[in-house]
Amino acid sequence: MHGELDILKIILESGLVVKGVLILLIICSVVSWAIVMMKKKLIKELQSNNDLFKDVYQNSASLSDVGEKVDQLPFSPFREMFKSGYNELKKMNDQFSDAEALKSHFQKFGFDSINRSLELGKHQALVELEKSLSTLASIGSVAPFIGLFGTVWGIIGSFTGLAGGGATIDAVAPGIAEALVATAVGLAAAIPAVWFYNNLNSQNEIINAEMDNFGKEFLNVVERTLG
């Protein structure tokens, strides 16, 4: 149909600067989608591994029974927290002469050392969960500005056409079209990146809350065992 805009033709006939902007935005989009797919897969895998650990944890007679099996389990946030907390508990148990001395220590000083170890395991898991999210956030923040740069450059090209005395729609349309395409591609790269960044952060917060709950449950088990 006459007068329709051919996006591919506009891109192919655009200037080197705008082409460079579009290529950069396409790379940003590919990277952001790769991160999203990777993080979605990781979260699904960790949630499955958490369920596997909880099954072992809930069906074991004692913490030592879980400790014997934990190294055979795949990586999960709960596993990392348990290993860190349980190893600290074993070190403290080895430090004191008998169970009563250990119980007396906890009565005097509380469970801060165990809690710190649980937090350490939690942070180790969070590092894995939050890896690459900053890149996704950066793409969501920067891509519109990269597109805006292409827009400005396309408009400069339009004004150059006007300055040359060709004040017709045919003279300015290519530059304006380049500008609009750069803006559209910038938004197309940024919007999914921002949305998935917020979505992945929300899922990480849920896992974080679950880890907090597991840490409290672990401390309760230690306290009941010593009691």
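Values in this document were obtained by computation on a predicted structure and should not be read as measured data.

So, how was this worked out
- Numbering of residues begins from 1 in every chain and follows the order in which that chain's sequence is written.
- Totals for whole chains, interfaces and linings use all residues, but because this is a predicted model, local features are given only for residues with pLDDT of at least 70 and pairs of side-chain atoms are given and counted only at 80 or more.
- The basis for every side-chain value is the complete set of heavy atoms in the structure, and neither hydrogens nor water enter the calculation.
- In DSSP terms, a helix is any run of H or I states spanning at least four residues, a strand is any run of E spanning at least two, and both are numbered starting from the N terminus.
- Only protein chains enter the accessibility calculation, which uses a 1.4 Å probe. A residue is then buried if its area is under 20% of the maximum for its type, exposed if over 50%, and partly exposed in between.
- Throughout, a residue-residue contact means that at least one pair of heavy atoms, one from each residue, lies within 4.5 Å.
- Residue burial considers only the protein chains on display, and all accessible areas are found by Shrake-Rupley using a 1.4 Å probe.
- All axes here are fitted lines through C-alpha atoms, helices being fitted over the stretch that makes contact, and every angle between N-to-C directions spans 0 to 180 degrees.
- Any angle from 65 to 115 degrees is called roughly perpendicular, while one under 35 is roughly parallel, one over 145 is roughly antiparallel, and all others are oblique.
- Handedness of a crossing follows from how the near helix is turned relative to the far one, being left-handed for an anticlockwise turn of less than a right angle and right-handed for a clockwise one.
- We call Asp, Glu, Lys and Arg charged. Ala, Val, Leu, Ile, Met, Phe, Trp, Tyr, Cys and Pro are nonpolar, and the rest, Gly among them, are polar.
- Here a pair means two rings of Phe, Tyr or Trp (six-membered ring of Trp) with centres within 6.5 Å. Their orientation is stacked below 30 degrees between planes, edge-to-face above 60, and tilted elsewhere.
- The term salt bridge refers to a pairing of a side-chain nitrogen on Lys or Arg with a carboxyl oxygen on Asp or Glu at a separation within 4 Å.

Draft legend 1. Up close: the overall build of the protein chain. In terms of helices and strands, the protein chain carries eight helices and zero strands. Of all 227 residues assigned to the protein chain, the portion counted as buried reaches 38%. When contacts within the protein chain are restricted to residue pairs at least 6 apart in sequence, long-range pairs at least 24 apart make up 79% of them. When the accessible surface of the protein chain is split by element, carbon and sulfur atoms take 61% of a total near 13,200 Å².

Draft legend 2. Molecular detail of the packing of helix 4 (residues 77–95) against helix 6 (residues 112–130). At a minimum axis separation of 8 Å, helix 4 and helix 6 run at an interaxial angle of 150°. Between helix 4 and helix 6, the angle is such that the two are roughly antiparallel. Viewed along their axes, helix 4 and helix 6 form a crossing whose handedness is right-handed. Across the interface between the two elements, Pro 77, Glu 80, Met 81, Ser 84, Gly 85, Glu 88, Leu 89 and Met 92 of helix 4 pack against Ser 113, Ile 114, Ser 117, Leu 118, Leu 120, Gly 121, Lys 122, Gln 124 and Ala 125 of helix 6. Tallied by class, residues from the contact of helix 4 with helix 6 come to eight nonpolar, six polar and three charged.

Draft legend 3. Representation of the packing of aromatic side chains. Under the counting rule described, the total for this entry stands at 10 aromatic pairs. Taking the centre distance of 5.7 Å and the plane angle of 55° together, the rings of Phe 53 and Phe 82 count as tilted. Here Phe 53, found in helix 2 (residues 16–58), pairs with Phe 82, found in helix 4; they are 29 residues apart in sequence, far enough to count as distant. By relative accessible area, which is 1% here, Phe 53 ends up buried. Ring centres of Trp 195 and Phe 196 lie 5.0 Å apart, and the angle between their planes is 85°; on these two criteria the pair is classed as edge-to-face. Judged by its relative accessible area of 15%, Phe 196 falls in the buried class. Three or more aromatic residues joined by ring pairs make a cluster, and in this case those are Phe 53, Tyr 57, Phe 78, Phe 82, Tyr 86, Phe 214 and Phe 218.

Draft legend 4. A look at the packing of helix 4 against helix 5 (residues 99–109). Between helix 4 and helix 5, whose axes approach to 8 Å, the crossing angle comes to 120°. Handedness of the helix 4/helix 5 crossing: right-handed. Contact with helix 4, carried on its side by Leu 89, Met 92 and Asn 93, involves Leu 102, His 105 and Phe 106 of helix 5 and no other residues of that element.

Draft legend 5. The arrangement of the pattern of salt bridges in detail. Using the criterion set out here, one finds five salt bridges in the structure. A salt bridge links Lys 54 to Asp 51, with the nearest nitrogen and oxygen atoms 3.7 Å apart. Here Lys 54 pairs with Asp 51, and both are found in helix 2, just three residues apart, close to one helical turn. Taking relative accessible area as the criterion, Lys 54 reaches 32% and is therefore assigned partly exposed. Among the residues examined, Asp 51 registers a relative accessible area of 47% and is labelled partly exposed. In this structure, the salt-bridge partner of Asp 212 is Lys 122, at a minimum N-O distance of 2.6 Å. Residue Asp 212 is located in helix 8 (residues 169–226), and its partner Lys 122 is located in helix 6; the two are separated by 90 residues in the primary sequence.

Everything listed here is a matter of geometry and, on its own, says nothing about what the molecule does.
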